[in-house]
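# A look at the structure
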Amino acid sequence: MSGHNKWANIKHRKMAQDAKRSQLFTKLIRELIVAAREGGGNPDTNPRLRAAIERAKEASMPKENIERAIKRGTGEIEGAEFQEIIYEAYAPGGVALYIRTLTDNKNRTAQELRHILSRHGGSLAEPGSVGWVFERKGIVQIPREQVANVEELMMMAIDAGAEDIKDQEDPIRILTSPEDVMKVKDTLETNGYKVEATVGYVPKNTVRVTGKDAERLLTLLNALEEMDDVQEVFSNFEMDDAEMEALLAQLGQ
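Residues numbered from 1 in each chain as written. Predicted model: local features only at pLDDT ≥ 70, side-chain atom pairs only at ≥ 80, totals over all residues. Heavy atoms only, no water.

## Side note on the packing of aromatic side chains
Inspection of the entire model under this criterion finds three aromatic pairs. Between the aromatic rings of Tyr 201 and Phe 234, the centroid separation amounts to 5.4 Å while the plane-to-plane angle is 70°, which identifies the pairing as edge-to-face. Residue Tyr 201 is located in strand β8 (residues 196-203), and its partner Phe 234 is located in strand β10 (residues 230-235); the two are separated by 33 residues in the primary sequence. Among the residues examined, Tyr 201 registers a relative accessible area of 17% and is labelled buried. (Phe/Tyr/Trp six-rings, centres within 6.5 Å; stacked < 30°, edge-to-face > 60°. Helix = DSSP H or I, 4+ residues; strand = E, 2+ residues; numbered from the N terminus. Buried < 20%, exposed > 50% of the residue type's maximum accessible area, 1.4 Å probe, protein only.)

Okay, here's the thing in structure tokens:
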């Protein structure tokens, strides 16, 4: 069974491979601005900014673009004011959605979200309706092919602050508190692992979707991800591997 994690990894790889897309740079610049505004412009003391810089570099964003976005966040240069707004929603099959946006016009964002959700069988939910399904966690991912000794990896990660390890997945996922994610990342990289680290929302329970609901769900997620104002979409669905592969091929993913 696969679900949100596989979908998110596919979308991440697709956008990273197409780094010249203006939409990707738009999302990364907004993340840099807000991260710098909320935690300061020094990545050594601002884990969120450090993660945003690493993602921008991975996407081959020019250094001057990164520096300009950080200066906009710290107020050194002027620019649009973005605010982070979380929207909660329902998707086909009873799937919960937690949608993180960065916007300079919350009315526009809410209106566009309602339109996309209703067109694909979903709906906005009242605040708190589905938020309880998700926990904010640090997420460190390691390709399984890098790991020769899973037990050794687990002990190393736990000593660095890991809370849980999903070692049956590929990539292997290590969950931490948001504050410890970079400590775990640094420890593993020091020991030769190449990892990706971020902070996101992990579901406490999952819902299996099949058939028409599965098709409508993936179509909806794809439409949401295409919105400039949407930074990330978290969900709690599970889906059969073969069915997801077939639907992704149908969607051209």
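## Let's talk about the pairing of β10
Judged by how many residues are buried, β10 sits mostly within the fold: six of six residues are covered. Relative to β10, strand β3 (residues 95-103) is paired through five bridges, and the arrangement is antiparallel. For Tyr 98, the partnering residue across the bridge sits in β10 and is Phe 234. (Pairing = 2+ DSSP bridges.)

## Some details on unusual backbone geometry
In this structure, Ser 60 takes a positive phi of about 65° despite not being glycine. Structurally, the position occupied by Ser 60 is in the loop between α3 (47-58) and α4 (63-74). Among the residues examined, Ser 60 registers a relative accessible area of 55% and is labelled exposed.

## Some words on helix α7 (residues 181-190)
Those residues of α7 lying buried are Val 181, Met 182, Val 184, Lys 185 and Leu 188. Mapping the buried residues of α7 onto a view down its axis gives an arc of 160°, with all of them on the same face. The secondary structure elements touched by the buried residues of α7 are α3, β5 (134-142), α6 (150-160), β7 (172-176) and β8. Within two residues after α7, Gly 192 carries a phi angle of roughly 95°, on the positive side. (Arc of directions from axis to C-beta. Contact = heavy atoms within 4.5 Å.)

## Here's the deal with α3
End to end, α3 covers 17 Å across twelve residues, agreeing with the expected 16 Å (1.5 Å per residue, within 8%). Among the residues making up α3, those that are buried are Leu 49, Ala 51, Ala 52, Ile 53 and Ala 56. Downstream of α3 by one or two residues, Ser 60 has phi in the positive range, about 65°. (Expected span 1.5 Å × (residues − 1).)

## Overview of the sheet that holds strand β2 (residues 83-91)
Consider a sheet: its strands pair through backbone hydrogen bonds, and that pairing is either parallel or antiparallel. Read across the open sheet, the four strands follow the order β4-β2-β3-β10; overall the sheet is antiparallel. Only two strands of the sheet have a single partner each, and these edge strands are β4 (123-124) and β10. In terms of strand pairing, β2 meets β4 through two bridges, oriented antiparallel. Looking at the pairing, Ala 89 lines up with Leu 124 of β4. Lying over the sheet, helix α8 (residues 211-225) contacts β2, β3 and β10, oriented at roughly 10° with respect to β3. (Axes fitted to C-alpha atoms, helices over the stretch in contact; angles between N-to-C directions.)

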